[in-house]
Amino acid sequence: MNKQFGEDKIIILLGAGASCDAGMRNSTQMITDIEFLLKGEWASFKDLYNYIQSSHYHLERIKGVDSKAIMFNIENLVGLLNVIINISEKKVDVYPFIGSWEKELLVVAGQKLELAVKFKEEILSKLKNNWLSPDDFKRKSAYYKKLKETGYTMPLRIFSLNYDMCVEENLGMENIERGFGEDKIWDYRRYEPSQEQEISYFLYKLHGSLDWKRNTQNRLTYSDSISSINPLNMEIIFGVQNKLQSYDPYLFYFYAFREACIRSELIVVSGYGFYDQHINDNLSSAIELDPAKRILVNVYEGDNFDQGLYVKKISALLKIDPKNIIVQNCYAQEFFNNCLNLEYFSSLFPDGDNENILP
């Protein structure tokens with residue numbers, strides 16, 4: 001008899017890799033695009049980009065990081081742009097103690113560091129209008145519809161680290177609880193159990209969304225037209241090393257993720273690179289509390305993938321037993337099509353009991 005899963009026993013965690021098959025650009029591709037643009041349309045930012053990149057490598061080497069291990073991604077770039085912008089706005093705590101900033105910075109970023117703001121705005125505009133909203137993403141992201149066909153009859157809680165709209169587009173706004181009422185204002189109470197309305201999917205966008213913004217009262221709302229949102233006013237956590245924020249909806253979503261991890265028996269992870277410490281800590285804690293829990297990880301590392309080595313790496317990172325980890329090395333589209341179903345989920349618990357049998 002196949003294992004049965006009760007309420008909240010299966011949750012989904014989506015990372016950037018889950019949307020790559022839908023045409024979304026990953027961090028490496030974004031950097032490639034930027035370096036191409038710097039040769040033409042964005043040439044005015046070339047010196048600033050080179051300065052930021054060299055500063056990043058310099059800092060990593062000072063920290064003792066091996067030169068071959070240093071990575072420079074889109075988050076590093078925007079993060080350092082944010083630092084420069086904060087300097088220009090005198091928001092850096094050490095500002096009063098610094099006699100003069102690196103003179104080269106003024107040369108590449110302008111006397112008032114104004115190029116940093118313009119460069120960041122161009123990057124965010126590209127992120128919103130192109131990288132995460134390619135023209136044919138609605139067609140290419142159709143594999144997300146498989147989330148409707150899992151066979152799981154309980155409300156499915158989906159936690160996404162992505163800003164894109166793949167889940168909303170394919171599951172239908174009317175079927176998803178996103179926390180917004182008829183007034184378009186976010187309210188955590190929308191996630192509370194309700195007998196008046198049956199919800200099939202609860203979506204928690206842990207790092208923000210392309211269609212989110214703040215109104216004049218600083219309340220979270222959304223726009224039906226993403227293109228109308230000022231890139232600098234998008235409500236996303238981007239270019240920040242620590243993405244654990246102390247205000248809603250992020251704080252509420254993080255706590256909800258923690259609770260969901262603890263209650264679940266199976267955590268399905270697709271496209272997540274395990275680079276966010278606060279996410280990893282929750283996964284570790286949940287497994288520690290319930291060693292029978294499973295994490296199903298979908299990753300694509302190519303044909304020469306060493307599954308044993310990968311499991312060893314993740315188990316060491318999360319400090320959990322390798323037996324808790326099941327890996328599917330395949331494209332997200334293939335994973336969604338073939339593995340997002342109860343029959344496969346049940347097979348991951350060959351010796352499991354049926355304590356939580358559906359009524």
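Residues numbered from 1 in each chain as written. Predicted model: local features only at pLDDT ≥ 70, side-chain atom pairs only at ≥ 80, totals over all residues. Heavy atoms only, no water.

**Student:** I'd love a proper account of the overall build of the chain, names of residues and values included.
**Tutor:** Counting its regular elements, the chain contains 12 helices and nine strands. Relative to the globule expectation of 21 Å for 359 residues, the C-alpha radius of gyration of the chain, 22 Å, shows essentially globular dimensions. The dimensions of the chain, computed from C-alpha atoms along their principal axes, are 70 × 50 × 40 Å. Expressed as a percentage of the 359 residues in the chain, the buried residues total 49%. For the chain, restricting intrachain contacts to residue pairs at least 6 apart in sequence, the fraction spanning at least 24 positions comes to 77%. Entry remark: accessible area of the chain is about 18900 Å², with carbon and sulfur atoms responsible for 48%. (Helix = DSSP H or I, 4+ residues; strand = E, 2+ residues; numbered from the N terminus. Rg over C-alpha atoms; globule rule 2.2 N^0.38 Å. Buried < 20%, exposed > 50% of the residue type's maximum accessible area, 1.4 Å probe, protein only. Contact = heavy atoms within 4.5 Å. Areas by Shrake-Rupley, 256 points an atom, 1.4 Å probe, with all protein chains shown as cover.)

**Student:** Help me get a handle on the domain arrangement of the chain, residues and values and all.
**Tutor:** For the chain, the domain assignment lists domain 1 (10-23 + 135-348) and domain 2 (27-130). For domain 1 versus domain 2, the separation of C-alpha centres amounts to 29 Å. Listed per partner, the contact involves 15 residues of domain 1 and 15 residues of domain 2. Of the roughly 1200 Å² buried between domain 1 and domain 2 on both sides combined, carbon and sulfur atoms contribute 68%. Contact with domain 2 buries surface across domain 1, with P231, L232 and F238 losing the most and accounting together for 48% of the total. Class assignment for the residues of the side of domain 1 that touches domain 2 results in 10 nonpolar, four polar and one charged. (Domains from an automatic or database assignment. Buried area = accessible area lost by both parts, 1.4 Å probe. Nonpolar A, V, L, I, M, F, W, Y, C, P; charged D, E, K, R; others polar.)

**Student:** Help me get a handle on helix α3 (residues 74-88), residues and values and all.
**Tutor:** If you check α3, its first and last C-alpha atoms are 21 Å apart, about what 15 residues at 1.5 Å a residue would give, namely 21 Å. Of all the 15 residues making up α3, 11 are buried; the element is thus mostly covered by neighbouring parts of the structure. Along α3, the residues classified as buried are I74, E75, N76, L77, V78, G79, L81, N82, I84, I85 and I87. Next to the buried residues of α3 lie α1 (27-37), α2 (46-62), α4 (103-109) and α5 (114-131). Where α3 starts, the residue carrying a side-chain oxygen 3.0 Å from the main-chain nitrogen of E75 turns out to be N73. (Expected span 1.5 Å × (residues − 1). Polar contact = N/O pair within 3.5 Å; in protein donor to acceptor, adjacent residues only side chain to side chain.)

**Student:** With reference to specific residues and values, describe the packing of α2 against α3.
**Tutor:** At a minimum axis separation of 10 Å, α2 and α3 run at an interaxial angle of 105 degrees. Relative to α3, α2 is oriented roughly perpendicular. In this structure, α2 contributes L48, Y49, I52 and H56 to the contact, and α3 contributes N76, L77, L80, L81 and I84. The residue makeup of the contact of α2 with α3, split by class, is seven nonpolar, two polar and no charged. (Axes fitted to C-alpha atoms, helices over the stretch in contact; angles between N-to-C directions. Parallel < 35°, antiparallel > 145°, perpendicular 65-115°, else oblique.)

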